[in-house]
Every structure is written in structure tokens, then in C-alpha cells.
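# Summary of the model geometry
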Amino acid sequence: MLDLGIALAHGGTAFMEVPMPRHATIKSTGAYLPPIEISNETLTRELLELNGGNPIITDVMQKLELSSGIKKRWYAPEDQCTSDIALPAARQALERAGLKPTDVDLIILGTDSPDYISPATSTILQYKLGATNAGSFDVGCACASFPAALQAGAGILTTNESINVVLCLGVYNMHKLTAKNDPMRILFGDGAGAAVLVPSSKPGFVSGVFKADGSYADRLGMFSGGTVEPATEESVRAGRCRVQAPGKYPPEMNIEFWPMMVRELARRGKFQVSDIDLAIFTQVRKPTIEDVMKDLGLPIEKTHMIMEESGYTGSACVPMAFDAAVQAGKAKPGSDQLVVMVSSGVGYNLAGCAFRMAQPA
């Protein structure tokens, strides 16, 4: 103000350059389901054979189907790893955005079924995709990884003018990390979802929220192969390098915490829950989503579910459901619709974000 006053006092003209705010929006989405379809009936027969015809298997499978709503899932071929599953989703999202792999500045990939413990799966995808100008990093929030990746991507894009295209993905290849005779296999399907973030003149990203409770970390996971217990012949034989569920989560956890996360997104983003045009949740249990929508006072038409036909695709389920909603016309890039995503994963770990489908700059 002092410089402006001096300039005007001397009859001059002063210009104060005010930087335009920089925002992030979702320009496009993509998804991929691998080719091997496994129905509940097929999986039941296989599990019965592997478990010596134990009739408990049929009972467990029926109860899991009833509680989850899952009727089938899709597996990647055994010679494909997680980065291979991510690749078609990444390509589709970029093609829909009218972009080339070389346009990508940053890749953020969320998964808890990585190619390796190290190096990062995002780096392997960067090479396979041909995104030669991109940096990359992984997000390891289990099934909460995609909303976390979107928040990270939006934050980086809005504060760093050298970053203009961020490719965010959630990917799952958990069937390869599950014991073949484990009835828990009914849940897990493979898949990938992706979204392209670009700058926008109007706010796209609205608000974000995280929550965790590590006291539940021993309930479900792969407990050997890290630094607590490096993989040994004994741990491999005991199955501790594969998914195990030595404990249970309280069944009401998601019913309690998902609405709380949505309401916190609304508070931080200064909107009403009733303003939400689309709400996407972890695709693990259909009745849970129905209960959460009732709690929020939102019609069931304002969500989208894919678990019946896709299985539980973990880190990929939220971007896959979001992409399916976009393809169904429930969410339209450039429409200014308000979309919230809330996801929870083992740990216990939660992440949520709210976006408006703002027009790219």
C-alpha cells in the first residue's frame, strides 16, 4: 500500500499483480477389471475341493454372500502383478482426458498389494506407462488409499505450478496374496481405478479428512515379510506372508465412522450434507452403505455400488465405483456437482475427500 500511495502522489500509475488462486479438479476417470470371472458357485466348489468337502465351507460362503452382496469377482492372470493391473486404468483415464503419458507430472498410486515391498509400485507403473516426465510415490493406507491419494495430489497441484497433471490410482491384486483354501477369498477381487487431476480456475477439491486407530492393526493383514517379522521358511509355511484375519473388527465400525467422516467433510468444506450429489464408499458390504445413506438422510440413488459384480476390490474399489458412476451419468466432469468419497481399511485407517466436478482451467 505504501508503494501505491507514493506512486499516486507523484502522478504515476502503479499496478499490483495479484496471483490468481490455483485449484485442482478431476478431469477424467478410468477403471480396469481383469479377465478371469469367478462366480460364488465356482469359488465354493473350488474351496470345497481344497478343504476336503468340509460342509462348513458352504455355510460360510452363503453367509458371506448374504452379508456382503458379492456375487462374483474378477482375477488377473497369475503372471500379472499389481502394476500390470494399474496400466489399463491409467491409459483409459489419460485417453479420456485427451492426454499422453508424457503429459503426466506425478503418479500417486495407492495399494496394499504392491509389486514389491520396495521399490514403489508407482515407479514401476511410471516406466510401463511411458510417463517419462513424471515423478511418483505410493500411498499405503490400505483400502483408504485412493481418497488419501486425491488429497495429496490436489495439495501438490495447487501449491506447485510446475505440476499440472497428476494421475491418482487405487489398485488391488489381493487374490494372489490370499491362501487358496481360505473362505475369505469370496471377498477379494482384483481391479484398478484412476483419476486425472488438473488445474481449475474454480475450486474442485473442497475438503479432506483422515482418521486412524492403530489399536486394531493386529486384526487383519499380512504379518510376515516386513521388519516385525522378515519372511522365513517357517513364516511362509505358516501362511503369515498371506492375508490372515486373527481378529475381528466390530461390525458397526463403518456404520459409525463413515457418516461422521461425511459430516466432518461438510463442516470443513462449508456445505450441507443435503448438498451432496454423489457419495462413494468402500465397496465391501452393501447393507452397510444402505445404512449409512439412511443415517445421512441421502436417497440411495445418490450413491453407486459395484461390489455385487466386481467383488471387494480394496484399494481400487472407491475409484472403480466412482468411474462407474461417471460412466452412468451420476457424476459429470465440468458440472460443478459435489462428490464425496469415504474409504476405510485395515489398521484401522480412514480417509475422505469432497470434490466439486469443476471445469478445468
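What comes next is a walk through the structure. (Residues numbered from 1 in each chain as written. Predicted model: local features only at pLDDT ≥ 70, side-chain atom pairs only at ≥ 80, totals over all residues. Heavy atoms only, no water.)

### Remarks on the packing of aromatic side chains
Our working rule: In this analysis, rings of Phe, Tyr and Trp, with Trp reduced to its six-membered ring, are considered paired at centre separations within 6.5 Å, and the interplanar angle assigns stacked below 30 degrees, edge-to-face beyond 60, and tilted for intermediate values. The secondary structure listing takes helices from DSSP runs of H or I that are at least 4 residues long and strands from runs of E that are at least 2 residues long, numbered from the N terminus. Each residue is placed in one exposure class: buried if its accessible area under a 1.4 Å probe, protein chains only, is under 20% of its type's maximum, exposed if it is over 50%, and partly exposed if it falls in between.
On inspection of all chains with the given rule, the structure shows eight aromatic pairs. With centroids separated by 5.8 Å and ring planes inclined at 55°, the aromatic side chains of Phe257 and Tyr348 adopt a geometry described as tilted. Of the two residues, Phe257 is situated in helix H8 (residues 253-269) and Tyr348 in the loop between strand S10 (338-345) and strand S11 (349-356); the sequence distance between them amounts to 91 residues. Residue Phe257 shares its accessibility class with Tyr348, and that shared class is buried. Every member of this aromatic cluster is reached through a ring pair, and the members are Tyr216, Tyr249, Phe257 and Tyr348.

### Quick word on the nonpolar core
Soluble globular proteins tend to bury their nonpolar side chains together. As a reminder of what qualifies: Throughout this description, the term nonpolar core refers to a set of buried Ala, Val, Leu, Ile, Met, Phe, Trp, Tyr and Cys residues connected via side-chain atoms within 4.5 Å. What makes two residues a contact is simply this: any of their non-hydrogen atoms within 4.5 Å.
Of all hydrophobic cores here, the largest spans 78 residues; its most connected members are Leu150, Ile276, Phe281, Phe322 and Met341. When near neighbours in sequence (up to four residues on either side) are disregarded, Phe281 contacts Trp258, Val262, Ile289, Val292, Met293, Leu296, Thr303, Val318 and Val342. Within the second largest apolar cluster, 24 residues are counted, among which are Leu87, Ala89, Leu94 and Val171.

### A word on the sheet that holds strand S1 (residues 23-32)
To be explicit about the condition: Any two strands are treated as partners once DSSP identifies two or more bridges connecting them. Here the axes come from fitting lines to C-alpha atoms, over the contacting stretch only for helices, and the angles between their N-to-C directions go from 0 to 180 degrees.
One open sheet accounts for five strands, arranged S1-S7-S6-S4-S5; its pairing is mixed. Strands at the two margins of the open sheet, each flanked by one partner only, are S1 and strand S5 (135-139). Adjacent strand axes in the sheet meet at a mean angle of 20°, parallel and antiparallel pairs treated alike. Bridge analysis of strand S4 (residues 106-110) against strand S6 (residues 166-172) gives five bridges, and the strand direction is parallel. Note on S6: the bridge partner recorded for Ile108 is Cys168. Sheet contacts for helix H6 (residues 145-159): S1, S4, S5, S6 and strand S7 (191-200); angle to S7, the most-contacted strand, approximately 20°.

### Some points on helix H4 (residues 82-97)
Put simply, the rule is: Expected span of a helix, by definition, is 1.5 Å for each gap between consecutive residues, and there is one gap fewer than residues.
For H4, built from 16 residues, the straight-helix expectation of 22 Å at 1.5 Å per residue is met to within 8% by its first-to-last C-alpha distance of 23 Å. Among the residues making up H4, those that are buried are Thr82, Ser83, Ile85, Ala86, Leu87, Ala89, Ala90, Ala93, Leu94 and Ala97. Those residues of H4 hidden inside the fold are in contact with S1, S4, helix H5 (121-129), S6 and S7. Two residues or fewer after H4 comes Gly98, characterised by a positive phi angle close to 70°.

### As for the pattern of salt bridges
Let me state the cut-off plainly: In what follows, salt bridge is the name for a side-chain nitrogen of Lys or Arg lying within 4 Å of a carboxyl oxygen of Asp or Glu.
Taken as a whole and assessed by the stated rule, the structure comprises 16 salt bridges. A salt bridge links Glu264 to Arg268; its shortest N-O distance comes to 2.7 Å. Separated by four residues within a single helix, Glu264 and Arg268 lie in helix H8, roughly one turn from each other. Judged by its relative accessible area of 42%, Arg268 is partly exposed. Through salt bridges that share partners, Glu37, Lys72 and Glu309 make up one connected network.

### As for the sheet that holds S10
Paired through backbone hydrogen bonds, the strands of a sheet run either parallel or antiparallel to each other. Taken together, four strands build an open sheet; the order of strands is S8-S11-S10-S9 and the sheet is mixed. The open sheet has two edge strands, strand S8 (205-212) and strand S9 (278-281), and neither has a second partner. Neighbouring strand axes in the sheet, compared pairwise and without regard to direction, differ in orientation by 10° on average. Here S8 pairs with S11 via seven bridges, running antiparallel. Paired with Val209 across the strands is Gly352, a residue of S11. Of the strands in this sheet, S8, S10 and S11 are in contact with H6, which crosses S11 at around 50°. Contacting S9 and S10, helix H11 (residues 317-327) runs over the sheet at an angle of about 150° to S9.

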